[in-house]
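The primary structure of each chain is shown beneath.
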Amino acid sequence: MKKKDIKYIVVTGGVLSGLGKGIVNASIGNLLVNQGYKVTAVKIDPYINLDAGTMRPTEHGEVWVTDDGGETDQDLGNYERFLNTNIPKGNNITTGQVYLEVINKERNLEYHGKCVEVIPHIPQEVERRIIKAGKEAEADFVMVEIGGTIGDYQNILFLETVREMKRRRNNVVFVHVAYLPIPNHIGEMKTKPAQHSVRQLNANGIQPDFIIGRSKLPLDDVRKEKIALFCNVKKDAVLSAPNIDNIYRIPVNFEKQQFVHNILKKFGMKYKKTKKSRAWQDYINKISRIKKELKIGIVGKYFDIGNFSLEDSYVSIIEAVKHAAWRNNRKPVIEWINSKKYECDPALIKELENYDGIIIPGGFGSSGIDGKLLAIKYIRENNIPFLGLCLGMQLAVVEFARNVCGLKNAHTTEVSPDTDNPVIDILPEQKDNLRKKNYGATMRLGSYPAKLKKESLVCRLYGNKTIISERHRHRYEVNPEYALLLEQCGLKFSGVSPDRKLMEFLELPDHNFFVATQAHPEFKSRLMKPAPLFDGFVKAAAKGRGKSQ
Ligand code: GLN
């Protein structure tokens, strides 16, 4: 077989962090996929952590879980959603992984007695990982996003890696995303910080092929010309990426500016009009015409740094709600509910009536748990459509055990290790990990199959399949010793692990829609193919509900 000439597109960021480089990387990938190419994407993170699994969501945003059990940066989620493919954990490279590997190789004499140095050995290891990602995916293109901002001390070695790659292979194109501020007191879009960030990139030996101007408003011709002149590119290599109502429109905006056309030209390839890109465009246009709103409340807890970190902590859930709502012709309005307020003032719980549906997402630790239990009781008794995810399922079981089965003090041992009724308990193999403080990458992680009960709502939602698979990230589970009692009281475990030991899905048959899962179905939701449980939840929420039972 002829060896594939894999091409690399490297995305860097300048001036500020938080410009949406990940979405840019994913959007270029999306356009190439829609051209019919096989594309994978790599995120390079400059931090020392081996993965994102040990970081607090308020610090780092959501921890994305890959099919193969990686706990990675949330950008891999954007890649999966935009490229419509699974991205393996090896595609999230961190400084920690690279150094650990180089040190391990040195200890194993794999450098044959050489002095092992930062240059060339660190860039070599980074490059090895990028190349491996492309080969394993049998990709035509590898999209590489370098985390952090140009000028950061931390990402210099990654820039050095891609500089060397370009020098050797010449099949690398550089895209630089830079912020253009519009200061209030001037009222004009300024290009200077972007120019400086390109100069900094030049100092690292890299000349961008394309420059994307991120700003509140579109770039006009004057700004484009200025950037082109001072940053040494043609005017059509300067793109405009203004703030936008819907991230899925970004590929469409790029397409309008002939971006993919010009990228392909750089590689000596030709652009073609395809059905796939038309379909994406049409779907986005359809979405923008939806008027009817659907109000979904998310009772979460990672609210500590104010409003700004919320979206990041639950980004895949938000996207899954959007996908399902749009598919059902509804415009989602998502509101955040801090469960702690119900602990201070239980009468506030009635506000849950204002929502078409409520989600209780995953989480760790004990804060806000009592408020969530109050919310679930109200939701259960008042027929409000409910979707519980991971911790959300565990708490639904605790609430049911206490208030329906009469098991006072029933709890999860994560919160109450000495409870008389541990209806949620630690997975046996996890006990050792906690005792040894072996926290990193040791949860039950990645895709696991579940068997669904025929004639259950969950089975119906999965298109009557009886074996399905979803991604997981947890240490605790429903205690199988209580499963029978819970079922006798009316809770239906509609999906279990193939060995029947783990309860994976539950539902309440007499409720409008009360479904929960130990898994995280949000990770498999795609723009045009919403996750089945989210789809069912949104349908029930859109239908409205009957009176209290
Ligand atoms: N803290 C719970 C567990 O470890 C739930 C985890 C989650 O919601 N992802 O089992």
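Residues numbered from 1 in each chain as written. Predicted model: local features only at pLDDT ≥ 70, side-chain atom pairs only at ≥ 80, totals over all residues. Heavy atoms only, no water.

Colleague: Which residues make up the sheet that holds strand E13 (residues 386–389), and what values go with them?
Modeller: One open sheet holds the nine strands; their spatial order is E11-E10-E12-E13-E21-E20-E19-E16-E17, and the pairing between them is mixed. If you trace the sheet from one side to the other, it starts and ends with strand E11 (331–338) and strand E17 (467–474), each paired once. Between one strand and the next, the sheet's axes are offset by a mean angle of 25°, whatever the strand orientation. Bridge count between strand E10 (residues 293–300) and strand E12 (residues 357–360): three bridges; the pairing is parallel. Looking at the pairing, Gly297 lines up with Ile358 of E12. Contacting E10, E11, E12 and E13, helix H13 (residues 315–327) crosses the sheet at an angle of about 145° to E11. (Pairing = 2+ DSSP bridges. Helix = DSSP H or I, 4+ residues; strand = E, 2+ residues; numbered from the N terminus. Axes fitted to C-alpha atoms, helices over the stretch in contact; angles between N-to-C directions. Contact = heavy atoms within 4.5 Å.)

Colleague: How would you summarise the environment of Lys224 if you had to cite specific residues and measurements?
Modeller: In this structure, Lys224 sits in helix H8 (residues 221–231). Since its relative accessible area comes to 17%, Lys224 is described here as buried. Here the alpha-carbon distance between Lys224 and Lys234, two residues 10 residues apart in the chain, equals 9.2 Å. Aside from chain neighbours lying at most four places away, what touches Lys224 is Leu219, Lys235, Val238, Ser240 and Gln257. (Buried < 20%, exposed > 50% of the residue type's maximum accessible area, 1.4 Å probe, protein only.)

Colleague: Please give an account of the pairing of strand E6 (residues 141–146) that cites residues and values.
Modeller: For a regular strand, side chains alternate in direction, first toward one face of the sheet and then toward the other. Most of E6 sits out of view: six of its six residues are buried. Both faces of E6 are covered, namely the face carrying Phe141, Met143 and Glu145 and the face carrying Val142, Val144 and Ile146. Looking at chain direction, strand E1 (residues 7–14) and E6 are connected through five bridges and run parallel. Looking at E6, one finds that Val10 is bridged to Val144.

Colleague: So, empty space enclosed by the protein: which residues are in play, and what are the values?
Modeller: All told, the structure shown has one cavity of 30 Å³ or more when counted by the stated rule. Taken as a whole, the largest cavity encloses approximately 50 Å³ of empty space. Looking at the largest cavity, the residues that line it are Asn30, Leu31, Asn34, Pro251, Val252, Glu255, Ser277, Trp280 and Gln281. Mapped by element, the contributors of at least two residues to the lining of the largest cavity are helix H1 (21–34), helix H9 (250–256) and helix H11 (275–288). (1 Å grid on protein atoms, 1.4 Å probe; cavity = no way out; pocket = protein on both sides within 12 Å on 5 of 7 lines; lining within 4 Å. Points joined across faces, edges and corners; volume = space filled by probe spheres on them.)

Colleague: If you had to explain the sheet that holds E1 to someone new, which residues and values would you point to?
Modeller: Across the sheet, which stays open at both edges, the seven strands sit in the order E5-E2-E6-E1-E7-E8-E9 with parallel pairing between neighbours. Lying at the two open borders of the sheet, with one neighbouring strand each, are strand E5 (92–94) and strand E9 (238–242). The mean angle between the axes of side-by-side strands here comes to 20°, regardless of whether they run parallel or antiparallel. Pairing of strand E7 (residues 172–179) with strand E8 (residues 210–215), which is carried by five bridges, proceeds in the parallel orientation. Looking at E8, one finds that His176 is bridged to Ile211. Most of the contacts of H8 go to E9, to which it runs at about 135°, and overall it touches E8 and E9. Against the sheet, helix H10 (residues 259–266) contacts E1, E6, E7, E8 and E9, and its axis sits at roughly 155° relative to E8.

Colleague: Can you break down the site of the ligand residue by residue, with the values?
Modeller: Near the ligand, the surroundings consist of Gly362, Gly363, Phe364, Cys390, Leu391, Gln394, Glu414, Arg473, His474, Arg475, Tyr476 and His520. The side chain of Gln394 places a nitrogen or oxygen atom 3.1 Å from an oxygen atom of the ligand. At the level of elements, helix H16 (391–403) and E17 are the ones that each hand at least two residues to the shell around the ligand. Broken down by class, the residue content of the shell around the ligand amounts to four nonpolar, five polar and three charged. (Near = heavy atom within 4 Å. Polar contact = N/O pair within 3.5 Å; in protein donor to acceptor, adjacent residues only side chain to side chain. Nonpolar A, V, L, I, M, F, W, Y, C, P; charged D, E, K, R; others polar.)

Colleague: A description of the environment of Leu374 should follow, citing residues and the corresponding values.
Modeller: With respect to the helices and strands, Leu374 occurs in helix H15 (residues 369–381). On the basis of relative accessible area, Leu374 is assigned to the partly exposed category, the value being 34%. Distance from Leu374 to Leu527, taken between C-alpha atoms, is 33 Å for residues 153 residues apart in sequence.

By themselves these figures say nothing about function.
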